[in-house]
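Coordinate inspection notes
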Amino acid sequence: MTTAAPTLAVSVALAARPIGMFDSGIGGLTVARAVAQRLPHERIVYFGDTAHLPYGDKSTAAIQAYSIKICDLLLRQHCKLIVIACNSASAAAYELVREYVGSKAQVLSVIDPIVAHLGQAYAGRRVGLIGTKQTVNSNVYKKKVDDLDAGVDLQSLATPLLVPMIEEGFFRNSISDDIIGTYLGNPALADIDALVLACTHYPLIKEQIARFYAGRVDVLDASDVVAAAAESYLAAHGLLAPASATPPAHHFYVSDFTRSFEESTRIFFEQEVHLEHYPLWE
Ligand code: DGL
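Where an unreviewed UniProt entry is consulted, the protein chain appears under the name Glutamate racemase, with the organism given as Hymenobacter negativus. Taken from UniProt, the Function (unreviewed entry) comment for the protein chain reads in full: "Provides the (R)-glutamate required for cell wall biosynthesis." Quoted straight from UniProt, the Catalytic activity (unreviewed entry) entry for the protein chain says "L-glutamate = D-glutamate".

Attention now goes to the site of the ligand. Taken together, 14 residues lie near the ligand, and Ser 24, Tyr 55, Gly 56, Asn 87 and Ser 88 sit nearest. The contact in question runs from an oxygen atom of the ligand to an N or O atom on the backbone of Asn 87, over 2.8 Å. For the ligand, whose free accessible area comes to 300 Å², the fraction covered by protein is 99%. Put simply, the ligand lies in the largest cavity.

Counted as a void, the largest pocket has a volume near 220 Å³. Along its surface, the largest pocket is lined by 13 residues, and Arg 33, Pro 203, Leu 204, Asp 221 and Glu 270 are the ones closest to its centre. Secondary-structure elements contributing two or more residues to the lining of the largest pocket are α2 (29-38), α10 (206-213) and α11 (223-236). Sort the elements by how many residues they give to the lining of the largest pocket and α2 lands first, with four residues. Here the lining of the largest pocket is composed, by residue class, of three nonpolar, three polar and seven charged. Each pocket or cavity is described by its volume, and for the second largest pocket that value is around 150 Å³.

On to unusual backbone geometry, then. Omega for the peptide link from Leu 53 to Pro 54 comes to -5°, which places this bond in the cis form. Even without glycine at this site, Asn 139 takes up a positive phi of about 65°. Along the chain, Asn 139 falls in the loop between α6 (133-138) and α7 (140-148). The partly exposed category is assigned to Asn 139, whose relative accessible area is 40%.

About the criteria used
Per chain, residue numbering runs from 1 following the sequence as it is written. Reporting in this predicted model follows two pLDDT cut-offs: at least 70 for local features of residues, and 80 or more for side-chain atom pairs to be given and counted; totals over whole chains, interfaces and linings ignore these cut-offs and use all residues. In computing side-chain values, all of the structure's heavy atoms are included and hydrogens and water are not. UniProt positions are given in the numbering used here, feature names are shortened, and annotations may be inferred rather than shown by experiment. If even one non-hydrogen atom of a residue comes within 4 Å of a molecule or strand, that residue is called near it. Within 3.5 Å is the distance limit for a polar contact, defined as a pair of N or O atoms, with the added protein rule that one can donate a hydrogen and the other accept it, and that residues adjacent in sequence qualify only through two side-chain atoms. Only the protein chains shown count as cover for residues, with accessible areas throughout obtained via the Shrake-Rupley method and a probe of 1.4 Å. Within this scheme a cavity is a closed region of a 1 Å grid, computed over the protein atoms alone, that accommodates a 1.4 Å probe without allowing it to escape, whereas a pocket is open but has protein on both sides within 12 Å along at least five of seven lines; lining residues each have an atom within 4 Å of a point. If over half the atoms of a molecule are within 2 Å of the grid points of a cavity or pocket, the molecule is regarded as sitting in it. Grid points are joined across faces, edges and corners, and a volume is the space filled by probe spheres set on the points. Helix numbering and strand numbering both begin at the N terminus, where a helix is a DSSP run of H or I of at least 4 residues and a strand a DSSP run of E of at least 2. For this scheme, ten residues count as nonpolar: Ala, Val, Leu, Ile, Met, Phe, Trp, Tyr, Cys and Pro. Four count as charged, namely Asp, Glu, Lys and Arg, and the remainder, Gly too, count as polar. Partly exposed describes any residue whose relative accessible area lies between the buried limit of under 20% and the exposed limit of over 50%, with all areas from a 1.4 Å probe on protein chains only and scaled to the type maximum.

Below you can see the structure in the form of structure tokens.
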């Protein structure tokens, strides 16, 4: 029948479009890595706003302005799905970004998938959370967890030293063990059953955190849960990229380029990455 063909052609073209992702820097590459592993045919366009790093200490208004500007770029790249691969930006700008993007793309935050997981797996239990000042002070996790009405008792602590420490590649050593241990020993995090790593940089210190708790506490990072949520959304909407024999050519932009960022990206993405400089404001 002639009527079915145009619809099919449109949805195949949409499915071939990339997934856009952004973060204040290269921390979101931990989420990009999980998405690339789970969905190996998807092409990723990644934007690291390195000129404005860290987002964790910025005002809500500033993070909102950066996020909208980045989404503009991602929409111009025809992204079918935009993943806000940063907790601070998800906390400050998710609603605004969704409104701005409208029907042009779906928007996924790193917060909602992990909150849903807490409701399913930790009902009636005490859960800790660490993140940037922006994420913790926004109280967004607490509000969303309380809305579930599942009896999850969430205790949050801002841990602002961790992002600069990780960006410097300063981890897996005794001084970073001390910093991590001092934060995790805070009474706010006493008697928890699980700890949410509410910052996309923290998967890189997950082993050190797990070692501190020696198996007594589940350490939850959102990367895999977010990748699963991206897959569910794309599958439900017929938007999964068609399989191809050649691997997708991902594209990585940063708003400020330094050689050290390019070197660190390998640690975050677990493979060689070429960063392209794309200034947001000229
Ligand atoms: N990766 C960002 C997050 O998930 C934090 C880094 C920053 O402060 O810019 O919150």
